[in-house]
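Topology and contacts: notes
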Amino acid sequence: LSCNRPLLSRHVLWLVMLPTRLLSIAIFAVPVSAFVQTCAKPVWRRAQRTQAATAVQDTWQTRPVFLGSCVDANVPRAGCLLVGLGMGAAIAFSQALRHKRVARAAESHSLNLYRFLVKDSETLSLHEVASKEVSALRGLDALGTEALNHRNVHTIAELANWKFYRICRGLVTLDTVKEKSGSERAEMNINQALDKEWETKPLAEILEAPLSALQGLTPADNELFAKLNIKTIRQLGTWKFAQWARAICDFAEFESLDGKH
């Protein structure tokens, strides 16, 4: 027993000092909580409208369930705020890197298309991007590549100039201006773009027609593009990947390859 007395004494002393220590922590937590909350607010404002903002807010407002009547205790509150500050700082750091990346591109008078291209193509010139495979477009999976390759569309430039996309895009543009009645003397038509049964249909019906209503496309194309949720002429005319390809090729015409103005 004599050998265990020092150990027992230490345990008793620790238990005696525990309330004092907890009180010290609580007193210290008051200014820390205020400081953390003050510092975290601007970080939270910068992190708003991001995907992780909701997670930060949830963490910010979380209180341990075991607190019971002590839900207003400063120590747990400070802990929650510290977690929230850490998450908010991570978001702010990520945003700062993105802003720095955009700013660096702006200083070098270059476009930043990382949202539209896979990583391997982000640093290429517009001319080089236009000659890349359509799979270089971010988000265009194997199904999209298969549907386009089936029509011998392999590169971004070929997609931008694909005649069926151009026809559909033109029809969608025409639909933005609706006339109450047509001219009886009008002789314009797009008969060479449509199958015969669709030549006399009104524009509204043509836009909702399947892709096989275009001369040159077949039910097999309907099935391939249906896997991409492209089922009508209107949907092909507003397909984002074709729009991206068209924009890249349009801007490539104005690109200075030697960096001069």
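The paragraphs below set out a description of the structure included in this document. Keep in mind that this is a model prediction, so the values were computed, not measured.

Along the backbone of the protein there are eleven helices and zero strands. Going from the N terminus to the C terminus, the protein shows its helices and strands as α-α-α-α-α-α-α-α-α-α-α. The contacts of the protein with a sequence gap of at least 6 include a subset with a gap of at least 24, amounting to 55%. Looking at the protein as shown, the accessible area adds up to about 17,700 Å², and 59% of this sits on carbon and sulfur atoms.

Here we take up the nonpolar core. Counting residues in hydrophobic clusters, the biggest one holds 44 residues, and the most contacted among them are Leu137, Leu148, Leu159, Trp162, Phe225, Ile233 and Trp239. Mapped by element, the contributors of at least two residues to this core are α4 (126–130), α5 (142–149), α6 (156–160), α7 (163–174), α8 (203–207), α9 (219–226), α10 (233–237) and α11 (240–252). The element that contributes the greatest number of residues to this core is α11, accounting for seven residues. Once you skip the residues sitting within four places of it in the chain, Ile233 turns out to touch Cys168, Leu171, Ile206, Leu207, Ala209, Pro210, Leu211, Ala213 and Leu214.

It is worth spelling out the packing of aromatic side chains at this point. By the definition in use, this model includes six aromatic pairs. Seen in terms of ring centroids, Phe225 and Trp239 are 6.0 Å apart; in terms of plane orientation they differ by 80 degrees. Their pairing is edge-to-face. In this pair, Phe225 sits in helix α9 while Trp239 sits in the loop between α10 and α11, placing the two residues 14 residues apart along the sequence. Just as Phe225 is buried, Trp239 falls in that class too. Taking the centre distance of 5.2 Å and the plane angle of 75 degrees together, the rings of Phe241 and Trp244 count as edge-to-face. Highlighted residues: Phe241 and Trp244, both in helix α11, separated by three residues, approximately one helical turn. You'll find Phe241 and Trp244 in the same group, each marked buried. Chaining the aromatic ring pairs together yields one cluster made of Phe116, Trp162, Phe164, Phe225, Trp239, Phe241 and Trp244. A cation over a ring is seen here: Lys201 above Trp198, with NZ or CZ 5.9 Å from the ring centre.

Okay, α5 next. Within the sequence span of α5, burial applies to Gly144, Thr145, Ala147 and Leu148. All buried residues of α5 fall inside an arc of 165 degrees around its axis, so they share one side. Structurally, α5 contributes buried residues whose contacts are with α6 and α9. The opening residue of α5, the one whose side-chain oxygen lies 3.2 Å from the backbone nitrogen of Leu143, is Asp141.

With that out of the way, let us pick up a nonpolar patch on the surface. Taken together, the side chains of Val12, Leu13, Val16 and Met17 define a hydrophobic patch exposed on the protein surface, amounting to about 350 Å² of accessible area. Residue placement: Met17 occurs in helix α1 (residues 5–47). Judged by its relative accessible area of 34%, Met17 falls in the partly exposed class.

Further remarks concern α7. Counted at 1.5 Å a residue, the expected span for α7 with its twelve residues is 16 Å, and the 17 Å between its end C-alpha atoms agrees. Considering only its buried residues, α7 is in contact with α6, α8, α10 and α11.

Attention now moves to the pattern of salt bridges. Considering all chains together, one arrives at five salt bridges under this definition. Across the pair Asp221 and Arg151 runs a salt bridge, and its minimum N-O distance is 2.7 Å. Of the two residues, Asp221 is situated in helix α9 and Arg151 in the loop between α5 and α6; the sequence distance between them amounts to 70 residues. Classification of Arg151 as partly exposed rests on a relative accessible area of 24%. Arg234 is paired through a salt bridge with Glu208; the nearest N and O atoms lie 2.8 Å apart.

With that settled, the discussion passes to the side chain of Arg246. With respect to the helices and strands, Arg246 occurs in helix α11. For Arg246, the residues in contact, after removing those within four places along its chain, are Ala160, Asn161, Tyr165 and Arg169.

Among the structural elements, Thr232 can be located in the loop between α9 and α10. Leaving out residues up to four positions away in the same chain, Thr232 has contacts with Leu207, Glu208, Ala209 and Leu211.

With a phi close to 60 degrees, Asn152 is a non-glycine residue in the positive phi region. A relative accessible area of 59% means that Asn152 is categorised as exposed. Not every positive phi belongs to a glycine, and Asn229 is a case in point at roughly 65 degrees. Inspection of the secondary structure assignment puts Asn229 in the loop between α9 and α10. Using a relative accessible area of 57% as the deciding quantity, one classes Asn229 as exposed.

Cut-offs and rules
- Residues numbered from 1 in each chain as written.
- Predicted model: local features only at pLDDT ≥ 70, side-chain atom pairs only at ≥ 80, totals over all residues.
- Heavy atoms only, no water.
- Helix = DSSP H or I, 4+ residues; strand = E, 2+ residues; numbered from the N terminus.
- Contact = heavy atoms within 4.5 Å.
- Areas by Shrake-Rupley, 256 points an atom, 1.4 Å probe, with all protein chains shown as cover.
- Core = buried A, V, L, I, M, F, W, Y, C linked by side-chain atoms within 4.5 Å.
- Buried < 20%, exposed > 50% of the residue type's maximum accessible area, 1.4 Å probe, protein only.
- Phe/Tyr/Trp six-rings, centres within 6.5 Å; stacked < 30°, edge-to-face > 60°.
- Lys NZ or Arg CZ within 6 Å of the ring centre and 35° of its normal.
- Arc of directions from axis to C-beta.
- Polar contact = N/O pair within 3.5 Å; in protein donor to acceptor, adjacent residues only side chain to side chain.
- Patch = residues over 30% accessible without salt bridge, like charges linked within 9 Å, V, L, I, M, F, W, Y side chains within 5 Å.
- Salt bridge = Lys/Arg side-chain N within 4 Å of Asp/Glu carboxyl O.
- Expected span 1.5 Å × (residues − 1).

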